[in-house]
Amino acid sequence: MPTYVALLNWTDQGIQGFKDTAKRAEAFAAATQKLGANLLNIWWTVGPYDLVAIVEAPDDETASAALLRLGGAGNVRTTTLRAFGQEEISRIVAKAAG
């Protein structure tokens with residue numbers, strides 16, 4: 001299943017409600033499952049991003065829907081990266097090499 005790395009920054013609303021951040025993460029996990037995706041892990045970080053989430057989804061549309069729901073709650077802004085595992089990149093390299 002495709003993997004996505006979401007880099008998250010709290011909005012003003014999100015930082016004001018920092019005490020609920022673990023509960024919001026649980027709600028995000030439940031919402032992703034309802035859409036057919038899976039929140040593999042989430043980390044609270046120090047540096048240019050406040051959180052990093054790893055999501056598996058069957059396709060870009062499902063991943064986008066899950067992350068739109070997350071962003072739509074108003075607590076975070078997201079930057080999403082499509083990640084490729086070793087098997088996937090091996091197939092990509094083989095295809096590119098001809």
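This paragraph deals with the nonpolar core. With 16 residues, the main nonpolar core has Leu8, Phe28, Ile42, Ala53 and Leu70 as its most contacted residues. At the level of secondary structure, the elements contributing two or more residues to this core comprise strand 1 (3-10), helix 2 (21-34), strand 2 (38-44), strand 3 (51-56) and helix 3 (60-72). Setting aside chain neighbours within four positions, we find Ala53 in contact with Tyr4, Val5, Ala6, Leu8, Leu39, Asn41 and Ile42.

Another point: the pattern of salt bridges. Under the counting rule described, the total for this entry stands at one salt bridge. With a closest N to O distance of 3.0 Å, Arg82 and Glu88 form a salt bridge. Arg82 sits in the partly exposed class, given a relative accessible area of 31%. Residue classification places Glu88 among the buried residues on the basis of a relative accessible area of 18%.

Criteria and thresholds
- Residues numbered from 1 in each chain as written.
- Predicted model: local features only at pLDDT ≥ 70, side-chain atom pairs only at ≥ 80, totals over all residues.
- Heavy atoms only, no water.
- Core = buried A, V, L, I, M, F, W, Y, C linked by side-chain atoms within 4.5 Å.
- Buried < 20%, exposed > 50% of the residue type's maximum accessible area, 1.4 Å probe, protein only.
- Helix = DSSP H or I, 4+ residues; strand = E, 2+ residues; numbered from the N terminus.
- Contact = heavy atoms within 4.5 Å.
- Salt bridge = Lys/Arg side-chain N within 4 Å of Asp/Glu carboxyl O.

Nothing here speaks to function; it is all geometry.
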